[in-house]
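# Chain and residue survey
What follows is the residue order along each chain.
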Amino acid sequence: MPKRVDHEERRDQIAEALIRVAGRRGLHAVGMRDVAAEAGVSLRLVQYYFETKEKLLFYGLRHLTDRFTARVAARLHAAGTDPGPRATIEALLLASLPTDEEGRTFHLLYSSYAILSVTDEALAAQPFVDEPDAAEDALTGLLEQAQASGLADPGVAARTEVISLLAMTATMGTSILVGQRSPESALAVLGHHLDRIFLTAEASVDSAGRG
């Protein structure tokens, strides 16, 4: 009896291959033939599931986002059952830093997708463009919660601080990728700014060894 094909699993297999080869060569340099070779399947099979490179890129982006969501969840789990707002904010920010191979791949490819979207209207219309807004809203809510609980400086503008933290983390991630800054240096800078915002010392996430 022929083995039943799980089409979703096969799509994910191809998306994983896209992420691996793009992580090595850059998203702009990846073709469907490269992805097929990486996945160990035929080019015709990749075309059967995705038809065009554009559709493959769209699916790869959703798959990358799912992987990042799982990475954030793992960091929050590592922070404990009730980590508090600072540790939660820290875990969310650190998940996007390229302090390990998974983080490097995410930061490199997410940045690549963002750059491509500047000149690709179809890519720009994808939901990933809204993800920074979702993160901004979530972190702002956490910081406002901390302020209401007396854990953070009530005088700071919560959303402005969050915007600054997100922008700083993204920029430091790129500086780590290009070798300008070490992960340890970036973590120290982030810790400095969180110390400025929060009034009490919550347990900090040990990000250097967790992915």
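Now for a description of the structure that goes with this document. (Residues numbered from 1 in each chain as written. Predicted model: local features only at pLDDT ≥ 70, side-chain atom pairs only at ≥ 80, totals over all residues. Heavy atoms only, no water.)

### Topic: the overall build of the protein chain
Threshold: What counts as a helix is a DSSP run of H or I of at least four residues, what counts as a strand is a run of E of at least two, and both are numbered from the N terminus. Classification of residues uses two cut-offs on accessible area relative to the type maximum, computed with a 1.4 Å probe and protein chains only: under 20% is buried, over 50% is exposed, and between them is partly exposed. Where accessible areas are quoted, they stem from the Shrake-Rupley method and a 1.4 Å probe; at the residue level, only the protein chains shown are allowed to cover.
Helices and strands together make up the secondary structure of the protein chain, namely 10 helices and zero strands. When the helices and strands of the protein chain are placed in sequence order, the string is α-α-α-α-α-α-α-α-α-α. Residues classed as buried in the protein chain amount to 43% of the 211 residues present. Entry remark: accessible area of the protein chain is about 11200 Å², with carbon and sulfur atoms responsible for 54%.

### Section: the packing of helix α1 (residues 7–25) against helix α2 (residues 32–39)
Condition: Helix axes are fitted only over the stretch in contact, all axes being lines through C-alpha atoms; the angle between N-to-C directions runs from 0 to 180 degrees. Reported orientations rely on four angle classes, namely roughly parallel under 35 degrees, roughly antiparallel over 145, roughly perpendicular from 65 to 115, and oblique for the rest. Handedness of each helix crossing follows the sense of rotation of the near helix against the far helix: counterclockwise by less than a right angle gives left-handed, clockwise gives right-handed. Note on contacts: a residue pair qualifies if any of its non-hydrogen atoms lie within 4.5 Å across the two residues. We call Asp, Glu, Lys and Arg charged. Ala, Val, Leu, Ile, Met, Phe, Trp, Tyr, Cys and Pro are nonpolar, and the rest, Gly among them, are polar.
Viewed as axis vectors pointing N to C, α1 and α2 meet at an angle of 110°, and their least axial separation amounts to 8 Å. The pairing of α1 with α2 is recorded here as roughly perpendicular in orientation. Crossing geometry of α1 relative to α2 is assigned as right-handed. In this structure, α1 contributes Gln-13, Ile-14, Ala-17, Leu-18, Arg-20, Val-21, Arg-24 and Arg-25 to the contact, and α2 contributes Asp-34, Val-35, Glu-38 and Ala-39. Taken together, the residues that form the contact of α1 with α2 break down as six nonpolar, one polar and five charged.

### What to know about the packing of helix α5 (residues 84–94) against helix α10 (residues 183–197)
Running from N to C, α5 and α10 cross one another at 150°; their axes reach a closest spacing of 12 Å. Relative to α10, α5 is oriented roughly antiparallel. Handedness of the α5/α10 crossing: right-handed. Residue-level contacts link Arg-86, Ile-89, Glu-90, Leu-93 and Leu-94 of α5 to Leu-187, Leu-190, Gly-191, Leu-194 and Asp-195 of α10. Partitioned by chemical class, the residues of the contact of α5 with α10 number six nonpolar, one polar and three charged.

### Concerning unusual backbone geometry
Residue Glu-51 is not a glycine yet carries a positive backbone phi of 65°. With a relative accessible area of 53%, Glu-51 lands in the exposed category.

### Thoughts on the environment of Leu-139
Looking at the secondary structure, you find Leu-139 in helix α8 (residues 131–148). Leu-139 sits in the buried class, given a relative accessible area of 4%. For the pair formed by Leu-139 and Glu-90, sequence separation is 49 residues and the distance between their alpha carbons is 9.7 Å. When residues no more than four places from it in sequence are discounted, the contact partners of Leu-139 are Ile-89, Leu-92, Leu-93, Val-162 and Leu-166.

### Digging into the side chain of Ser-96
For clarity, the threshold we go by: Whenever two N or O atoms come within 3.5 Å, that pair is a polar contact, provided that in protein one can donate a hydrogen and the other can accept it, and provided that, for residues adjacent in sequence, both atoms are side-chain atoms.
Relative to the helices and strands, Ser-96 resides in the loop between α5 and α6 (101–119). For Ser-96, a relative accessible area of 18% corresponds to the buried category. A polar atom in the side chain of Ser-96 sits 2.9 Å from the backbone oxygen of Leu-93. In this structure, Ser-96 is in contact with Phe-68, Gly-103, Phe-106, His-107 and Thr-169, ignoring residues within four places of it in sequence.

### Some words on the packing of aromatic side chains
Geometry of an aromatic ring pair is reported as the spacing of the ring centres plus the angle between the planes. The criterion, for reference: What counts as a ring pair is set by centres within 6.5 Å for rings of Phe, Tyr and Trp (its six-membered ring), and what kind of pair is set by the plane angle: stacked under 30 degrees, edge-to-face over 60, tilted for all other angles.
Applying the stated rule across the entire model yields four aromatic pairs. With 5.0 Å between their ring centres and 80° between their planes, Tyr-48 and Tyr-49 make a pair best called edge-to-face. With relative accessibility at 57%, the residue Tyr-48 sits in the exposed group. With relative accessibility at 10%, the residue Tyr-49 sits in the buried group. Grouping aromatic residues by their ring pairs yields a cluster made of Phe-68, Phe-106 and Tyr-110.

### Describing helix α4 (residues 53–78)
Filter applied, for reference: A helix is expected to reach a length of 1.5 Å times the quantity of its residues less one.
Taking 1.5 Å of rise per residue, the 26 residues of α4 would be expected to cover 38 Å, and the 37 Å separating its terminal C-alpha atoms lies within 8% of that figure. One or two positions beyond α4, positive phi appears at Gly-80, with a value near 110°.

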